Amino acid sequence: MNTQTSSTAAKREGHSSRMKISADNGKAHEWPTPRLSASQIKAKAGEARAAALLAIHFAGSGHPGGSLSIMDTEAVLYFNVMRHNPRNPFWPERDRFFVSGQHKCPAQYAVMGLAGYYPVEDFIVGLRAMGTPFQGHPDWLKLPGIEMSGGSLGQGLSIAVGSAISAKLDKKDYRVYCVMGDGEQQEGSIWEAAMSASHYKLDNLCAIVDCNRLQIDGRVADIMNIEPIGEKYKAFGWNVIEADGHDISALLKAFEKAETVKDKPTVIVIRTFKGKGVSFMQDNGEWHGKAQTLDQTKQALKELGHEDMLTDELIKKATDLRKEISKKYGNLIPVEQRPYWWNSQQTMKVKMSPTRMGFGGALARVGSDERVVCLGADISGSICIYDFCKNNAERKNRFLSVGIAEQNMTTIAAGLAKEGKIPVIGSYGVFVTGRNWDQLRTTICYGNLNVKIAVGHGGISVGPDGATHQSLEDITLMAILPNMRVIVPCDAVEADKATAEVVMKQIGPCAVRFSREATPIVTKVDTPFVFGKANIYSFVKKSENFIDAFECVVSTDFKNKKEDVCIIACGPEVPEALRAAYILNKKHGIKARVMNLHTIKPIDKEAILAAAKEIGYIITAEEHQTGGVGNLIAGVIAEAGIKVKMNMIGVPDRFGESGQPWELLWKYGLSAEHIVEEAVRLVK
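Scoring rules and cut-offs
- Residues numbered from 1 in each chain as written.
- Predicted model: local features only at pLDDT ≥ 70, side-chain atom pairs only at ≥ 80, totals over all residues.
- Heavy atoms only, no water.
- Pairing = 2+ DSSP bridges.
- Helix = DSSP H or I, 4+ residues; strand = E, 2+ residues; numbered from the N terminus.
- Right-handed = clockwise from strand over helix to strand, strands pointing away.
- Axes fitted to C-alpha atoms, helices over the stretch in contact; angles between N-to-C directions.
- Buried < 20%, exposed > 50% of the residue type's maximum accessible area, 1.4 Å probe, protein only.
- Parallel < 35°, antiparallel > 145°, perpendicular 65-115°, else oblique.
- Left-handed = near helix turned anticlockwise from the far one by under 90°.
- Contact = heavy atoms within 4.5 Å.
- Nonpolar A, V, L, I, M, F, W, Y, C, P; charged D, E, K, R; others polar.
- Core = buried A, V, L, I, M, F, W, Y, C linked by side-chain atoms within 4.5 Å.
- Patch = residues over 30% accessible without salt bridge, like charges linked within 9 Å, V, L, I, M, F, W, Y side chains within 5 Å.
- Areas by Shrake-Rupley, 256 points an atom, 1.4 Å probe, with all protein chains shown as cover.
- Salt bridge = Lys/Arg side-chain N within 4 Å of Asp/Glu carboxyl O.
- Phe/Tyr/Trp six-rings, centres within 6.5 Å; stacked < 30°, edge-to-face > 60°.
- Lys NZ or Arg CZ within 6 Å of the ring centre and 35° of its normal.

Novice: Explanation requested: the pairing of strand β8 (residues 239-244) in the structure shown.
Specialist: Where a strand is regular, its side chains alternate between the two sheet faces. In the sheet, β8 pairs with strand β9 (residues 266-271) via six bridges, with the strands oriented parallel. Bridge pairing links Val240 to Val267 in β9. Each parallel crossover has a hand, and the one from β8 via helix α10 (residues 248-258) to β9 is right-handed.

Below you can see the structure in the form of structure tokens.
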């Protein structure tokens, strides 16, 4: 063991007797964690900052701001305070370390790499890449040494409480550490956990609140003030320590003091700067969740004193890895169809735009109605809900930032709706349909209140953020609710129409699902849109522009064209279904009817039954867990007693993972080429 052992470790009761411990399989392991001095830890933190920024640059996405603010604390924990063993990550006697705000995982990945869990270069080149263990939000099943899979704010402290209670029950003396953000304190679940930790006198639990004063929507004090945070924890029965989160010596003393406290948990409130150490990032909220350019990365590394870490060899390794990954998953596309990929030919060109842009554009337009009130939950710019007032300052009093508090947002909206307002709430799909499902069920739907839910970032096309942020269950969650209407527009133009429809015309709970990634635009301003009625597409002829190659009519106006197969799709799978129809016609001589089922509830039973009777071969396609829409369609057909041959295309009963949107589309079999393969099998 390093001779520079701190008094923190030395003072722990029984520490010296556990220098040699019995680990897995009865083998003796020495606890190898080096206890570094304050100056050595500072150097490690600087190196870890550089590694994290390199990784985020190569990934093309990530969260540099919070990763840099918490880096000193995590370096102190891994290089001095915690008992852990990189050679045996799940050593039973280890201290437990939970990160609640897991978007800051580049900090933990970098520090763990430098501590010896894996070559730090593997993290630098592999962050958020498909098939690597370095997910956009950590998965403990993929990376030994990570204690929890997560990504939804406000849950880490409760897990830490459970771990600390377990230690008490088993008479273990490991300590439990949990890092949280300051904006995260806006989640009600934090305070439920805080209450229970005090009630059970968990003196083996030490929480850290990273107060960098910034969250996505702005200053924490302006969005939803949490101060005086220390006094609040004291009121909940916690021991509170304040420390400068960038002063290594102060942090060491804070953790040492925390170990002496008996019969109550300790929280260390650290004051930090988001983007610490890099001039253009520090205290700048714009760097919450975006990657740096190459020039910005070079500048940051120079300021950190680690410009030598960016080498040609490292750039080549990162580039080669991503090329290899793209080739690997590209090979999953049926080979004969490859030339038909989007915009790969001189004709059939298509424009791209994220459907969220259509949502934002509609809100900006209909927001002139003074009944409309929008509520943001800290990702207002990302899902475009802030477009409601971005260029209309007079509306800002009707935009309510409730902070990171989806459940509270939902029930506030209920109160507004009860008084005659038209509230629009929004967040990422996993949060706005899942975390607050009980509020949606009992308060909104049971009361049939006129609340509109913007279900942002739906499907796997969220990409590098990984499984925790890829909403694959929301259609089912919303469609099962009585009184709820559900729309999944296929492109940005249709999203505009759908948003205006549900906000201004539909009375009662409505959910509109849209995606983050740019997807093909396959409708026009004059393309018909009728709530509750599907659009039917027929391939006419190859055209310069993809959108002109199809005829589109509302289902009530459609006449049977004696097609061979019907493809029923929603959302971004509609463009894939259309491309499949084109390939089927040109390559296989199979005629396809494509149904854009933009309204999932109420579902267009007449159009579905017509396809079942007239064709008899049906494929459903959805960027969702298989069956979210497919099972609804199957139910309509089964209830009518019609015999058909049918198959469903979707994500096959599993979580997603980090990767580029198109790689995920290929891996999970959601591309047009996969629809073609299934149609050929079904028909021929």
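Novice: How should the pairing of strand β24 (residues 645-651) be read in this particular structure?
Specialist: In terms of strand pairing, strand β23 (residues 617-625) meets β24 through six bridges, oriented parallel. Residue Thr620 lies in a different strand from β24, and its bridge partner there is Met648.

Novice: Would you explain unusual backbone geometry in this entry?
Specialist: The phi angle of most residues is negative, glycine excepted, and most peptide bonds adopt the trans form. Cis geometry is adopted by the peptide bond preceding Pro228, which originates at Glu227 and carries an omega value of 0°. With respect to the helices and strands, the residue Pro228 is situated in the loop between α8 (220-224) and α9 (229-235). At the junction of Lys601 and Pro602, the peptide bond is cis and its omega measures out at 5° in the coordinates. Along the chain, the position of Pro602 falls in the loop between β22 (599-601) and α21 (605-614). In this structure, Met348 is a non-glycine residue whose phi angle is positive, near 55°. Mapped onto the elements of the fold, Met348 is located in the loop between α12 (312-330) and β10 (352-354). Positive phi, normally seen in glycine, also occurs at Asp653, with a value near 50°. In this structure, Asp653 sits in the loop between β24 and α23 (661-667).

Novice: Is there a simple way to explain the sheet that holds strand β3 (residues 96-99) in this structure?
Specialist: Two orientations exist for strands paired in a sheet by backbone hydrogen bonds: parallel and antiparallel. Ordered in space as β3-β4-β5-β9-β8, the five strands form an open sheet in which the pairing is parallel. Of all strands in the sheet, those with a lone pairing partner are β3 and β8, marking the two edges. For this sheet, the mean inter-axis angle between neighbouring strands, taken without regard to orientation, is 20°. Of the strand pairs in this sheet, β3 and strand β4 (residues 176-181) are connected by four bridges, and their pairing is parallel. In the strand pairing of β4, Phe98 is matched with Cys178.

Novice: Honestly, the side chain of Arg128 in this entry has me stumped. Any pointers?
Specialist: Assignment of secondary structure puts Arg128 in the loop between α5 (120-126) and α6 (156-169). For Arg128, a relative accessible area of 5% translates into the label buried.

Novice: What's the story with the packing of helix α13 (residues 355-366) against helix α19 (residues 492-504) in this structure? I'm lost.
Specialist: Any two packed helices are characterised by the angle at which their axes cross and by the distance between the axes. Running from N to C, α13 and α19 point in directions that differ by 40°, and their axes come no closer than 7 Å. In terms of their interaxial angle, α13 and α19 are classed as oblique. Viewed along their axes, α13 and α19 form a crossing whose handedness is right-handed. Facing α13, whose interface residues are Thr355, Gly358, Phe359, Gly361, Ala362, Leu363, Arg365 and Val366, α19 presents Ala492, Ala495, Asp496, Thr499, Ala500, Val503 and Met504. Among the residues making up the contact of α13 with α19, the classes are represented as nine nonpolar, four polar and two charged.

Novice: Could you clarify how one ought to interpret the sheet that holds strand β18 (residues 535-539) in this entry?
Specialist: Pairing within the open sheet is mixed, and its six strands lie in the order β19-β18-β21-β20-β23-β24. The two strands at the open ends of the sheet, each matched to only one other strand, are β19 (550-554) and β24. Geometrically, the sheet is characterised by an average inter-axis angle of 20° between neighbouring strands, direction not taken into account. Where strand β20 (residues 565-569) and β23 come together, four bridges link them in parallel fashion. Bridge pairing links Ile568 to Thr620 in β23. Across the sheet, α21 is in contact with β20, β21 (592-596) and β23; its angle to β21 comes to roughly 165°.

Novice: Where do I start with the nonpolar core in this structure?
Specialist: Counting residues in each nonpolar core, the largest one holds 69 residues, and the members touching the most others are Phe79, Tyr109, Phe123, Tyr177 and Phe255. Among the elements that line this core, the one with the most residues is helix α2 (residues 38-59), at twelve residues. Listed in part, the 48 residues of the second largest apolar core include Leu440, Ala479, Ala511 and Leu609.

Novice: I would appreciate a short explanation of the environment of Gly420 in the present structure.
Specialist: Take Gly420: it is sitting in the loop between α15 (406-418) and β13 (422-428). C-alpha of Gly420 to C-alpha of Leu449: the two residues are 29 residues apart in sequence and 9.6 Å apart in space.

Novice: I tried to follow the environment of Val651 on my own but got confused; where do I start?
Specialist: With respect to the helices and strands, the residue Val651 is situated in strand β24. You can call Val651 buried: its relative accessible area is 0%. Note: C-alpha distance between Val651 and Leu670 (19 residues apart in sequence) is 7.7 Å. Once residues lying within four places of it in the same chain are set aside, the contact partners of Val651 are Ile460, Leu472, His624, Gln625, Thr626, Tyr668 and Leu670.

Novice: Teacher, can you tell me more about a nonpolar patch on the surface here?
Specialist: A cluster of nonpolar side chains, namely Phe90, Trp140 and Leu141, defines an oily patch on the protein surface of about 330 Å² accessible area. As for its placement among the helices and strands, Phe90 is situated in the loop between α3 (64-81) and β3. Taking relative accessible area as the criterion, Phe90 reaches 32% and is therefore assigned partly exposed.

Novice: Got a minute to help me understand the packing of aromatic side chains in this structure?
Specialist: Each aromatic ring pair is characterised by the separation of its centres together with the angle its planes make. Tallied over the entire structure, the rule returns 19 aromatic pairs. Geometrically, the ring pair formed by Tyr428 and Phe431 is stacked, given 6.1 Å between the ring centres and 20° between the ring planes. Of the two residues examined, Tyr428 and Phe431, each falls in the buried class. A network of ring pairs unites the aromatic residues Trp342, Phe539, Phe546, Phe550 and Tyr582 as a single cluster. If you follow Lys290 out to its NZ or CZ, it ends over the ring of Trp287, 4.5 Å from the centre.

Novice: Is there a simple way to explain the pattern of salt bridges in this structure?
Specialist: Think of it this way: side chains of opposite charge can pair up when their charged atoms draw near. All chains considered together, the criterion is met by 34 salt bridges. We note a salt bridge from Asp95 to Arg83, for which the minimum N-O separation is 3.7 Å. Here Asp95 is found in the loop between α3 and β3, whereas its partner Arg83 is found in the loop between α3 and β3, with twelve residues between them in sequence. Each of the two residues, Asp95 as well as Arg83, counts as buried. One salt bridge connects Arg593 with Glu614, and the closest N-O pair in it is separated by 2.8 Å. Here Glu614 lies in helix α21 and Arg593 lies in strand β21, a separation of 21 residues in the sequence. What makes Arg593 buried here is its relative accessible area of 2%.

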